[in-house]
Every structure is written in C-alpha cells, then in structure tokens.
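Analysis of the macromolecular model
Okay, here's what each chain looks like letter by letter:
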Amino acid sequence: MRDPVIYRVAHITHHNTGDTWCIYPMYDFAHPIEDAIEGITHSVCTLEFEDHRPLYDWVVRELEYPCPPKQIEFAKLYLTNVVTGKRYIKKLVEDGIVDGWDDPRLVTIAALRRRGFTPESIQMFIDLVGVSKSNSSVDYAMLEYCIREDLKEKAPRVMAVLDPIRLVIDNYPEDKVEYFDVVNNPEDESLGSRKVPFCRELYIEREDFMEIPPKKYFRLYPGNEVRLMNAYFVKCESFVKDENGNITEIHCTYDEKTRSGSGFDGRKVKGTIHWVSARHGIPAVVRLYENIVDEEKGKLNEDGTLNLNPNSLKVLEGCYLEESMADVKKMDKFQFVRQGYFCVDAKDTTEEKLVFNRIVSLKSSFKLPKQ
C-alpha cells in the first residue's frame, strides 16, 4: 500500500450539502470508518475490493477502534437470462422497456417481491448456491425450483381459465346451480376446502378442445368424453363457429351418475380439464413472464445493447377465475390448476381490476444434483 488517496477537493455544488463543503473523503477511507461507527463486524464485498483490503485494515488499525471490522470478499451472484447490472436496469427503466425497478421481469428485491417470490424461497436459493470465491453464473431455473418447492405446500389451488371458450351442457337445467366441495391444497389438509359453483354454462381453456385432434390427445373433441375436474363426465356433441371459422361455443351432455365423489366406476376417461362457471366467474388480467434476455443467442448485441426478448411479457385480458377469488388481497399467492403459480399484483390491482403476475410455471427442467 503506497500513498493512498484519502480526500478529494471538488469546488462544485453538492446535491445534498450545496456549497458548504469542498473536501470529501474517498470511499476507501470513509467505508471502514462508517463500518466501525455502525458496529459492523464483517463487511462483505465483491472480489474487486480484495485489492482495497490493506487500506481498509490500515484505517481501522490506525484509528484504534476496540472492535475493528473485517472485510471479506466473495464472487458476485450472476443469474442466467436476467439483467443484474444497475446501469443496464437504469437504461431499461428510462427507455420504458420495464415499468420501474420493481418490474417482475427484473431480479431486484422489489421486483422479486412484486412477482411473488417469498423470503423462504430466496433463502433456500442462497443456501443451495452457497458462497464462492470464483465468478460464475447460476441457472435461473434453480431460483424457479426454490419458489415451486416453497409454494406447493403453501399456496391454495384454484381454477382459472386464461384463454376462455364457452362450454354449454345442453341437458343440464338452466336455472340449476350446484356447489362442489373442493380441497384447497392436497399437500396440506389444514388449508381446508371451499365451495365451487357449477352450472349449465362454463368456461374452459381453448386449448382443451380440438375439432380434429392429433393422436394421444385426451381432452375434449367431437364424440369424446372427459371429466370436468371435481364435477361430472361430459361428452362433446357439437360446436359453433363464427363467420371467420373460429370456434366460439362447445355443446356437451353430462352424465349425472358420474359426479365426483359418488363412487362411480362404470367407465373411465383419460382426460380431466378444469373449468370456471360462466355465471359466477371473476374477470381478471393475467401477465405471463419469460426471461428478459436470451443468453443462448448472446446477452449483448454487437453494439453493446442488451439482446432483449420481445416476448418477455404477455398480457392476457378476459381471463376468468372461480368465485372464491372475489375477495383476494394484494400479494396473495395461488396455484392456478394446470397453469402455474400466480400472485396478485400489488401495483396495478384495484377494486375494479384484478391483475395477476405469473411467478413461475408448473413444469421445471431443473433437478438438484445428487449428493
């Protein structure tokens, strides 16, 4: 360590103190003093500060602090397919590509909280990653694995239709409404159950019906029978198209004997699909997120700008949730059956408009390494 710079003189107006001072301590001098005054025992820094440690130790030693802090360096935690650099994030915010430092596509603490990541899932992720002295990148799929593991036992499971198409049960009474008892989470019986209304007209996912299905397609198509989750068997009898050839309505018949929990075993079906009552459904907006950059194609373009994924955000209007979702609160978390884990957006949700952020999908390719 040779003649370190301790102060700098700047005859400029400071944004906080104005023209009161013109002499300012350098960071390497102020840092150890601040740590000692605040009672910091270990100052954790990234690897580039390793060369600064002799000055840090010299300052706290020469000032004779009774309990001098120690500086320890470790590698930065890099994640694949996300943006961690403050300068890059600032540019994304200023250009309006994201809606703030808490945009759910980012990995700031505010963004992770808004997207729906729990403290327990982040703690689990850090425990799995550990502390390294060498720079490396961690697969983002590991963070997704941690939130799935945390929420699969905590989050209530509800039915939500994100791309709805109307299903009409022709032989079901028009004015009849039944309520089915549905378990909130099979992983934890203490979460209890809820009543889900069932009636003649329902919404199902558009992808759960095909006019001409491929082989091994076990969902709904003309002449085929499926189970409506927690309800009855229905058989597709016909469907309606608009003037553009798009299917707008599916007509089915149901078998009253096949009610879930009735002990019916007369026949079996290979497909089970979820649904929402058209009469009782709660409208919502759902946001689906993907990685904001695709590192397989290169994180940076030739000009140094980020190679952004144009499909990092997909907004679905006109989604329907089951009736039990009418009184949800901001930051509540749920598993949408067959869809993924979702969180009520804390920023854009209002009394008139429900907005959900997808935390993570249900399927994962990530596997923990064998011990």
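Look a little higher up for the structure.
Let us look at the structure shown here.

Let us look at the overall build of the chain. A tally of helices and strands in the chain yields 6 helices and 22 strands. The C-alpha atoms of the chain give a radius of gyration of 28 Å, which is well past the 21 Å a tight globule of 371 residues would have. On the principal axes, the C-alpha backbone points of the chain span a range of 90 × 45 × 40 Å. When burial is assessed residue by residue, the chain has 42% of its 371 residues classed as buried. The contacts of the chain with a sequence gap of at least 6 include a subset with a gap of at least 24, amounting to 63%. Total accessible area computed for the chain in this model is approximately 21,700 Å², and 50% of it derives from carbon and sulfur atoms. For the chain, the distance from the average position of its 51 positive side-chain charges to the average position of its 62 negative side-chain charges is 5 Å.

It is worth spelling out the layout of surface pockets at this point. Reported here for the largest pocket is a volume of approximately 800 Å³. If you trace the largest pocket, you find 25 residues lining it, with Lys 76, Leu 77, Thr 84, Gly 85 and Val 107 closest to the centre. Of all the secondary-structure elements, those providing two or more residues to the lining of the largest pocket are β3 (42–46), β5 (77–79), α3 (86–94), α4 (109–115) and α5 (119–129). In terms of residues, the lining of the largest pocket owes the most to one element, α3, which gives 4 residues.

Taken as a whole, this structure holds 31 salt bridges when the rule is applied. Ionic pairing is found between Asp 102 and Lys 347, a salt bridge with its closest N-O pair at 3.2 Å. Of this pair, Asp 102 sits in the loop between α3 and α4 while Lys 347 sits in the loop between β21 (340–344) and β22 (355–360), and the two are 245 residues apart along the sequence. Between Arg 267 and Asp 255 there is a salt bridge whose closest N-O contact spans 2.9 Å. On the criterion of sequence distance, the pair formed by Arg 267 in the loop between β15 (247–255) and β16 (272–273) and Asp 255 in strand β15 is long-range, its members being 12 residues apart.

The final tally for this structure, using the stated rule, is 16 aromatic pairs. Relative to Phe 29, the ring of Tyr 7 has its centre 5.6 Å away and its plane inclined at 65°; by these criteria the two rings are edge-to-face. With Tyr 7 in strand β1 (residues 7–9) and Phe 29 in helix α1 (residues 27–37), this residue pair connects regions lying 22 residues apart in the sequence. Summarising the aromatic geometry, the rings of Tyr 27 and Phe 49 are spaced 6.0 Å apart at their centres and angled 55° between planes, so their arrangement reads as tilted.

Attention now goes to the sheet that holds strand β20 (residues 333–336). Read from one edge to the other, the open sheet built from 7 strands follows the order β7-β20-β21-β22-β18-β19-β8, with strand pairing classed as mixed. Edge positions in the sheet fall to β7 (157–158) and β8 (160–161), since each of these pairs with one other strand and no more. Examined bridge by bridge, β7 and β20 share 2 bridges and lie parallel to one another. When the bridges of β20 are listed, Val 158 appears paired with Phe 336. Sheet strands touched by helix α6 (residues 140–151): β20, β21 and β22. Its angle to β22, the strand with the most contacts, is close to 110°.

Counting 30 residues, the largest nonpolar core has Ile 169, Phe 198, Ile 204, Leu 220, Leu 228, Ile 250 and Trp 275 as its most contacted members. Counting residues per element, the ones that place at least two in this core are β9 (164–169), β10 (178–183), β11 (193–198), β12 (201–205), β13 (225–228), β14 (233–241) and β15. Of all the elements, β15 adds the most residues to this core, at 4 residues. Setting aside residues no more than four positions away along its own chain, Ile 250 makes contact with Ile 165, Arg 166, Leu 167, Val 168, Ile 204, Phe 209, Leu 220, Cys 236, Ser 238 and Phe 239. One finds Leu 151, Ala 155, Ile 359 and Val 360 within the second-largest nonpolar core, a separate group that totals 19 residues.

Where α5 meets α6, the closest approach of the two axes is 8 Å, and the angle between their N-to-C directions is 135°. With respect to their mutual orientation, α5 and α6 come out oblique. For the crossing formed where α5 meets α6, the hand is right-handed. Along the contact surface, α5 presents Glu 120, Ser 121, Met 124, Phe 125, Leu 128 and Val 129, while α6 presents Met 142, Leu 143, Tyr 145, Cys 146, Ile 147, Glu 149 and Asp 150.

Where α1 contacts helix α2 (residues 53–62), the two axes come as close as 9 Å, and the packing angle between them is 50°. Between α1 and α2, the angle falls in the class oblique. The chirality of how α1 crosses α2 is right-handed. Of the residues in α2, those touching α1 at Asp 28, Phe 29, His 31, Pro 32, Ile 33 and Asp 35 are Leu 55, Tyr 56, Val 59 and Val 60. Split into classes, the residues belonging to the contact of α1 with α2 amount to 7 nonpolar, 1 polar and 2 charged.

Cut-offs and rules
Residues numbered from 1 in each chain as written. Predicted model: local features only at pLDDT ≥ 70, side-chain atom pairs only at ≥ 80, totals over all residues. Heavy atoms only, no water. Helix = DSSP H or I, 4+ residues; strand = E, 2+ residues; numbered from the N terminus. Rg over C-alpha atoms; globule rule 2.2 N^0.38 Å. Buried < 20%, exposed > 50% of the residue type's maximum accessible area, 1.4 Å probe, protein only. Contact = heavy atoms within 4.5 Å. Areas by Shrake-Rupley, 256 points an atom, 1.4 Å probe, with all protein chains shown as cover. Lys, Arg positive; Asp, Glu negative; His and termini not counted. Charge placed at Lys NZ, Arg CZ, Asp CG, Glu CD. 1 Å grid on protein atoms, 1.4 Å probe; cavity = no way out; pocket = protein on both sides within 12 Å on 5 of 7 lines; lining within 4 Å. Points joined across faces, edges and corners; volume = space filled by probe spheres on them. Salt bridge = Lys/Arg side-chain N within 4 Å of Asp/Glu carboxyl O. Phe/Tyr/Trp six-rings, centres within 6.5 Å; stacked < 30°, edge-to-face > 60°. Pairing = 2+ DSSP bridges. Axes fitted to C-alpha atoms, helices over the stretch in contact; angles between N-to-C directions. Core = buried A, V, L, I, M, F, W, Y, C linked by side-chain atoms within 4.5 Å. Parallel < 35°, antiparallel > 145°, perpendicular 65-115°, else oblique. Left-handed = near helix turned anticlockwise from the far one by under 90°. Nonpolar A, V, L, I, M, F, W, Y, C, P; charged D, E, K, R; others polar.

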